[in-house]
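# Overview (structure and organization)
For reference, the chains in residue letters:
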Amino acid sequence: MTAPVLGRVVATERRPNTPHEFHFWTALDAPVGVGTIVRVESTRPVNGVLPCVYGVVTEGFGYTDLQTPLHDVLGADGEPGASATAPTERTEIRLYTAAVLRQVPEEPLQPVPMGTVHLATEADVQAALRMDTYVQGSDARGIPVGAYRSGGTDAAVHLDADFLLGPEAAHLAISGVSGLATKTSAVQWLLASIFTHLPARKGKVAAVCFNVKGPDLCFIDRPATRLDPADRALYDALGVPADPFARVRYFAPWHARGTHLATLRTHDALAESVTPLTWGLRETLQYAEVLLSREDIDAKADALIDFIKERVVDQRFEDKLLDGAHEVRSFADLERWFRELLQAMEAGNQEQWRTHHIATIRKVRNRLGNISTRCKGLVTDDGTVSDLPFGAFEDRAVYVVDVAQLEEDAQDLVFARIISQLREHLEKRALGVEQVVVFVDELNKYAPSDGADTYVRQMLLDIAERGRYLGLVLFGAQQFRSQVHRRVVGNSGTQLFGRMDADELATPGYQTLAPATKARLATLEKGQLMVRHPHFGQPIFVRFPRPAVLTGREGVEQFPPAEVPTLEMAVAKTLRRLDPSITVGQVQDVLALAGDDEEAILRARNVTLLKRPDNVLAFFSKQLKKRVAPEVVGGRGPAPLRVPASGDDYGG
Amino acid sequence: MRAAIRALRAAGVGVGAAGAPLELRTTVDDAAPRVEPVTPLEGDRLAVRAVPGVPAPGIRAFLDGIQRSQVLAHVGAVPLVHGAVAAAVRVRKARRMRTWGEARRREALVLPVAALDAALTATLAGAVPLVDTTAGEPAPPSGHPQDLAARALTAVQRMREAEELALVAAWVADGDGPLLVDGGISGSPEGARAESVIGVVKSHRTLYAAPSELPLVLGLREGERTTAVALHSPRRNPVASWYLRLRDPGERSPLFGLVRVEVAPTGDLTARADAVSRWVLAERAPVALPDPRWDVMVYGIRECEEYLTAILPR
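Residues numbered from 1 in each chain as written. Chains lettered and ligands numbered in written order. Predicted model: local features only at pLDDT ≥ 70, side-chain atom pairs only at ≥ 80, totals over all residues.

### Focus: the overall build of chain A
- The secondary structure content of chain A amounts to 22 helices and 22 strands.
- The principal-axis extents of the C-alpha atoms in chain A amount to approximately 100 × 60 × 55 Å.
- Burial status across chain A gives 47% buried among its 652 residues. (Helix = DSSP H or I, 4+ residues; strand = E, 2+ residues; numbered from the N terminus. Buried ≥ 20, exposed ≤ 12 C-beta atoms within 10 Å, placed from the backbone.)

### Regarding the overall build of chain B
- Secondary structure assignment for chain B yields seven helices and 15 strands.
- Its C-alpha radius of gyration of 21 Å places chain B within 12% of the 20 Å reference for a compact globule of 314 residues.
- For chain B, the C-alpha atoms occupy an extent of roughly 65 × 45 × 35 Å along the three principal directions.
- Taking all 314 residues of chain B together, the buried fraction comes to 43%.
- For chain B, restricting intrachain contacts to residue pairs at least 6 apart in sequence, the fraction spanning at least 24 positions comes to 66%. (Rg over C-alpha atoms; globule rule 2.2 N^0.38 Å. Contact = placed C-beta atoms within 7 Å.)

### Quick look at helix H11 (residues 358–374) of chain A
Residues and elements named next belong to chain A.
- With 17 residues, H11 ought to run about 24 Å at 1.5 Å a step, and its terminal C-alpha atoms sit 24 Å apart, in line with that.
- The set of residues buried in H11 consists of Thr 360, Ile 361, Val 364, Leu 368, Ile 371 and Ser 372. The buried residues of H11 occupy an angular sector of 110° when the element is viewed end-on, so they sit on one face. Facing away from the buried side of H11 by over 90 degrees, the exposed positions are Ala 359, Asn 366 and Thr 373.
- For H11, the secondary structure elements touched by its buried residues are helix H7 (281–285), helix H8 (288–291), helix H9 (299–312), helix H10 (331–347), strand S15 (352–353) and strand S16 (356–357). (Expected span 1.5 Å × (residues − 1). Arc of directions from axis to C-beta.)

### A few points about the interface of chain B and chain A
- The interface is formed by 16 residues belonging to chain B together with 14 residues belonging to chain A.
- Where the side of chain B that touches chain A is concerned, the elements lending two or more residues are strand S6 (96–99) and helix H7 (299–311) of chain B.

### Side note on the sheet that holds strand S6 (residues 116–119) of chain A
Residues and elements named next belong to chain A.
- Taken in spatial order, the six strands of this closed barrel run S1-S2-S5-S4-S3-S6, and their pairing is antiparallel. Between one strand and the next, the sheet's axes are offset by a mean angle of 45°, whatever the strand orientation.
- Pairing geometry for strand S3 (residues 37–41) and strand S4 (residues 52–64), over five bridges, is antiparallel. Following the sheet pairing, Val 38 is matched in S4 by Gly 55. (Pairing = 2+ DSSP bridges. Axes fitted to C-alpha atoms, helices over the stretch in contact; angles between N-to-C directions.)

### A few points about the packing of helix H19 (residues 567–576) of chain A against helix H20 (residues 584–594) of chain A
Residues and elements named next belong to chain A.
- With their axes 9 Å apart at the nearest point, H19 and H20 run at an angle of 115° to one another. The interaxial crossing formed by H19 with H20 has right-handed handedness. Residue-level inspection shows Glu 568, Met 569, Val 571, Ala 572 and Leu 575 of H19 in contact with H20, the latter providing Val 584, Val 587, Gln 588 and Leu 591.
- Its residues assigned to classes, the contact of H19 with H20 comprises seven nonpolar, one polar and one charged. (Left-handed = near helix turned anticlockwise from the far one by under 90°. Nonpolar A, V, L, I, M, F, W, Y, C, P; charged D, E, K, R; others polar.)

### Quick word on the environment of A:Tyr446
Residue and element names in this part refer to chain A.
- The residue Tyr 446 is located in helix H13 (residues 443–446) in this model.
- Sequence separation between Tyr 446 and His 485 is 39 residues; the distance between their C-alpha atoms is 9.4 Å.
- Setting aside its immediate chain neighbours within four residues, Tyr 446 contacts Phe 415, Val 440, Val 456, Arg 457 and Leu 460.

### Side note on the nonpolar core
- Ranked by size, the top nonpolar core spans 168 residues in total, and within it A:Ala207, A:Val398, A:Tyr399, A:Val400, A:Val401, A:Val436 and A:Val438 carry the most contacts.
- A total of nine residues in this core trace back to one element, the largest contributor, which is helix H12 (residues 408–427) of chain A.
- With near-sequence residues (within four places) excluded, A:Ala207 lies in contact with A:Leu191, A:Val398, A:Tyr399, A:Val436, A:Val437 and A:Phe439.
- Counting residues in hydrophobic clusters, the runner-up holds 88 residues, among them B:Val81, B:Val168, B:Val181 and B:Val239. (Core = buried A, V, L, I, M, F, W, Y, C linked by C-beta atoms within 7 Å.)

### Topic: the pairing of strand S13 (residues 229–233) of chain B
All names here are of chain B.
- Judged from the two bridges that link them, strand S2 (residues 39–40) and S13 form a sheet pairing that is antiparallel. Its bridge partner lying in S13, Thr 39 is registered against Ala 230.
- Pairing between S13 and strand S14 (residues 236–245): four bridges, direction antiparallel. Looking at the pairing, Val 229 lines up with Ser 241 of S14.
- Where S13 hands over to S14, the hairpin turn is made up of two residues, counted between the paired strands.

### What to know about helix H22 (residues 616–624) of chain A
Residue and element names in this part refer to chain A.
- Restricting attention to buried positions, one finds in H22 the residues Val 616, Leu 617, Phe 620, Gln 623 and Leu 624. Taken down its axis, H22 places every buried residue within 125° of arc, on the same side.
- Buried positions along H22 lie against H19, H20 and helix H21 (598–611).

### Describing the domain arrangement of chain A
- Domain parsing of chain A yields domain 1 (5–128), domain 2 (195–276 + 397–557), domain 3 (282–374) and domain 4 (565–635).
- A C-alpha centroid distance of 72 Å is found between domain 1 of chain A and domain 3 of chain A. (Domains from an automatic or database assignment.)

This is the structure we're talking about:
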């Protein structure tokens, strides 16, 4: 059914129509505004075909036949109220400018013809956004991103999975001011949509989300407390169940004190679902350059670190200067190795050891020894490793890594190592899933447009430029898009915008937007987004439902974090995950025999947690009686060294 | 105009670029300004009267017509003129204007048939409507190109007046409420008799007052009117008329803001003149700027003109 005529195309010499832009006027009460999609019907065939043009309104003008405001003043004798009582209202126009989304036929590409303008129907929206090529048929791969709503038309807007998750394009950048819950909510919604709609033939998909502030992502496995009928209707219309994520695994490092995990998801009812994230020497040394500044570590120190990584760690090391063999598997081992080496050099008044000067050795000892202190809770002295299940990632699962309470250095280390591990496993097709979405909030902090060229930024650039071939997809969120490295933003095939700051909109990155579009962006409501996608000729405004998960704020109200426990309580709580019958009293008895070596107690707890023995208390007690040896989850071999970021690791 | 140009080319007449409209090049009414004494209808002599009460909208519709004449070609010294006219009634509803029924439009090739080759006029007549500028004229054209152009312009003016008169007649028959006509109504037999038609004249080449009464007319202050007088003319219908000052002239011309209102000379003329004056005074807003005649033009007429400009055949 043809939609009623909304307006008429107009063109003047001063304001002509082009193949990319046209103008039309409407009745004063027409249901049209910035963002409305319209269809132009021409009556003049070209090559025997009547052209049909789809456009989106980018600007609106309203004016009367008044030549200057002064004339109105004169007419009203300077009395503002008098104008309203005039018997006739001045002739007034609503003139709109629309950017062309699509012309059918596509060739010859001509200026938009004169014709009638109609509100787009649902089918028109599909055609205008070229969704007809990927939403239907045997190769359907549309991922709903939201609903287009204007003038009574409701239409689902889909992204092309091949352009969202690869291989054609990939990555998503979402920008918006803080405090409106748009960025995190939109990503949660979009992940739910991907998990629901990504066709099975496209392979398995998982998500790794870094929780960088507060409790943002700490309760995404819990249902939302308030999901109004409008949200539910949107879920229905977009074909996504209004449910929380079914498979979520949480990871958090220990608090520096070691008694509890550094996360806000510590409520007794939920604490068991958080797995400790701890790394030892090998895992940390591999990414040492993340933590060591270039100014601090010169070429000589670099050479020594490389020597230690390749010749000392995780192997039997002998040297005539040292008493016996060393097996360095933890920071404690490394410290012993350094101490013995330096003592021997000093005793022999020796300045060089294997080409390394004693000053360099002292410096490297100092810097590496610092790491376990700076990243305490994440990096363990004893080498205990508890990591994400690389190799056993599950389909449609979300892995939340809570780094909100970590220092900046430690956060960088977590990003670097996890993303590198994901990449390495995806390269070998051995992650467990074929595609991983990595969600990083505050991307402007990790991949800034200016400042030092850090390891993390290089790594994010690398993903942005080559990750799509691997299935490693970056979903980055930031308040200010202009402050994110342009290669990261530029490689994001899909871009979402929530409400934007006016100053940000004044930056060059937004020059292509019409003033009215910018004005709308500056006043977007919660739940509204502007979407840029390779198939869409122009940005489109959509509405998305509130995530069907518990928000961070509500989560901490509903599940307030547990009090900081005593050592006994902390151990008992942890061990209860394995054996719920264990009491605080039993733990107190065991600890009474162990003395007050708190670090030894926590080491014993960590090993027990990793080993998951049948008799938990007995195993824990046994661990206290001996020095805890470094343990590695899964007994994996050494991880490969990182390939330089400058190389093209993916063969183009 | 395209049809006329095609017809001329088909007839072998060279068509040059259309120049400025004749309306801008020729003075139609070149008679000298004059003063004409009239018969009072209110009282026994012309007097000044302040319009009582508060100006209030009462006009329901506005009628205006426009014309455009352009010389398309010359055959010898004879200009061949394309004339286009349009007229419309714009009805006000909820403070917005809409066209009442259909606007009237007409275009023709305006020429002196007698001065042209019969075969040429026959050929042109087969393609476009022709209007003969010599038909019904007592004197034959002088052959002076400007005289011929002036006659063409007069013919186009008559075309426009005919369309306007047709609309006045239609409104009297079917319209609802007072109609304000741009110009006099004495040319319309129906309009000059109908209570629903009001003419507002903006130009004053003839001032209807005795020379001794002129200071009284020109000295009207804003919101004042003269008493009504009777206007008679051999070729026109009798109407009642009075002067009304819409805006204070201050230091400007004494004709600034001065209009002459025409109505059918029926009923209680004082009450009717006061009521109509209040209606016209109410139409001062919105101001008709940027039209140069804004001091005497009501907005409804300007709006009608804008509408007609948009639809005038080109």
